[in-house]
Amino acid sequence: MEVRDLSFSYPCGRQILKDISFTAPAGDFLAILGNNGAGKSTLLKCFDHILRPQSGTVTVEGTDLLTLKPAELARQVAFLAQGAEGARLTVYDTLLLGRKPYMKWGVAPEDRAIVEETLARMELEHLAVRYLDQLSGGERQKVLLARALVQEPKVLLLDEPTSNLDLRNQYEVLDLVRQECRRRQITAVMVIHDLNLALRFCDRFLFLHQGQVLAEGPMSVVTPEHIRAVYGIDASVERIQGTPVVVPRL
Ligand code: ADP
Ligand code: MG
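About the cut-offs
Residues numbered from 1 in each chain as written. Chains lettered and ligands numbered in written order. Predicted model: local features only at pLDDT ≥ 70, side-chain atom pairs only at ≥ 80, totals over all residues. Heavy atoms only, no water. Near = heavy atom within 4 Å. Polar contact = N/O pair within 3.5 Å; in protein donor to acceptor, adjacent residues only side chain to side chain. Areas by Shrake-Rupley, 256 points an atom, 1.4 Å probe, with all protein chains shown as cover. Helix = DSSP H or I, 4+ residues; strand = E, 2+ residues; numbered from the N terminus. Nonpolar A, V, L, I, M, F, W, Y, C, P; charged D, E, K, R; others polar. Salt bridge = Lys/Arg side-chain N within 4 Å of Asp/Glu carboxyl O. Buried < 20%, exposed > 50% of the residue type's maximum accessible area, 1.4 Å probe, protein only. Expected span 1.5 Å × (residues − 1). Arc of directions from axis to C-beta. Contact = heavy atoms within 4.5 Å.

Novice: Explain the site of ligand 1 residue by residue, including any values.
Specialist: Taken together, the neighbourhood of ligand 1 is formed by Tyr10, Arg14, Ile16, Asn35, Asn36, Gly37, Ala38, Gly39, Lys40, Ser41 and Thr42. A distance of 2.7 Å is found between an oxygen atom of ligand 1 and a side-chain nitrogen or oxygen belonging to Lys40. The contact in question runs from an oxygen atom of ligand 1 to an N or O atom on the side chain of Ser41, over 2.9 Å. In isolation ligand 1 offers 560 Å² of accessible surface; the protein chains occlude 61% of this area. Looking at the shell around ligand 1, the element that brings in the most residues is helix 1 (residues 40-47), giving three residues. Residues belonging to the shell around ligand 1 are distributed by class as follows: three nonpolar, six polar and two charged.

So, in structure tokens, the structure goes:
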């Protein structure tokens, strides 16, 4: 996925994103980091046509996403939005709906096969006939992730997917995302506030600050200087059991 010079202003006129550029290889898990109001959700919405950037390109395997029709886009990009709830549907039907971009005259045996295989792989079979609004937050988030995956996207967008989950579910969801990225060579782009979860699961990191890219790259860009610039706190980055951990100094 390659983003070049993407800029966006809301109709009220304030410019939110200025010349955003970055590249994220297939199979990589990218964390978008930044304070509240930095423009992170706006950026993800630009990738999924929810918002139209005024300029810039977003290319995936040579295709400019911004020029695609909705059904074509839905075969390239899946979006797990912030605080997504889902309709009053069973888990099975929720996943089947994820196959809609591929359906011509209705549900094909292949669609059911993909849904059933995904339910099994993500250990969600026991929830298949339950309604989405009767699940716990962790279960629902896994189902919505499964729905995004049956779309077989090349790019998976996640907006704060762990913010309402307990510790175990945070790890499980991010571990699933990372496995699926690798296995299917999907680029995952995730907005997340927990730097330590990001450091544990992601391959690349992008600091968004005042609508611009402050820094982007591998783990080595998560420095005390960038953390101070973005979040306004003093912190050190230490290694604990081989993993970098951000420790604020209060
Ligand atoms: P983040 O996800 O990084 O917290 P957002 O992308 O949601 O930030 O918002 C970035 C900025 O754009 C904020 O200042 C917010 O108030 C503004 N904003 C968000 N949505 C709209 C909208 N629909 N119309 C006008 N301004 C908006
Ligand atoms: Mg947001």
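Next comes the rest of the account.
Novice: Explain the pattern of salt bridges residue by residue, including any values.
Specialist: Inspection of every chain in the model, using the stated rule, returns 15 salt bridges. With a closest N to O distance of 3.8 Å, Lys154 and Glu61 form a salt bridge. Note that Lys154 is positioned in the loop between helix 5 (137-150) and strand 7 (155-159) and Glu61 in the loop between strand 4 (55-60) and strand 5 (63-64), a separation of 93 residues in sequence. Judged by relative accessible area, which is 27%, Lys154 ranks as partly exposed. Taking the shortest distance from any N to any O, the salt bridge between Asp234 and Arg228 comes out at 2.7 Å. Asp234 gets classed as partly exposed once you look at its relative accessible area, which sits at 40%. Accessibility expressed as a relative area gives 42% for Arg228, which makes it partly exposed. By sharing partners, the salt bridges in this structure join Glu117, Arg121, Glu180, Arg183 and Arg184 into a single network.

Novice: Kindly report on helix 4 (residues 109-121), identifying the contributing residues and their values.
Specialist: With 13 residues, helix 4 ought to run about 18 Å at 1.5 Å a step, and its terminal C-alpha atoms sit 18 Å apart, in line with that. Among the residues making up helix 4, those that are buried are Asp111, Ile114, Val115, Thr118 and Leu119. Buried positions in helix 4, seen along its axis, are confined to an arc of 130 degrees and lie on one side of it. Seen from the buried face of helix 4, the exposed residues on the opposite side, beyond 90 degrees, are Pro109 and Glu110. Buried positions along helix 4 lie against helix 3 (91-97), helix 5 and helix 6 (167-184). Of the residues trailing helix 4, Glu123 is marked for its positive phi of about 55 degrees.

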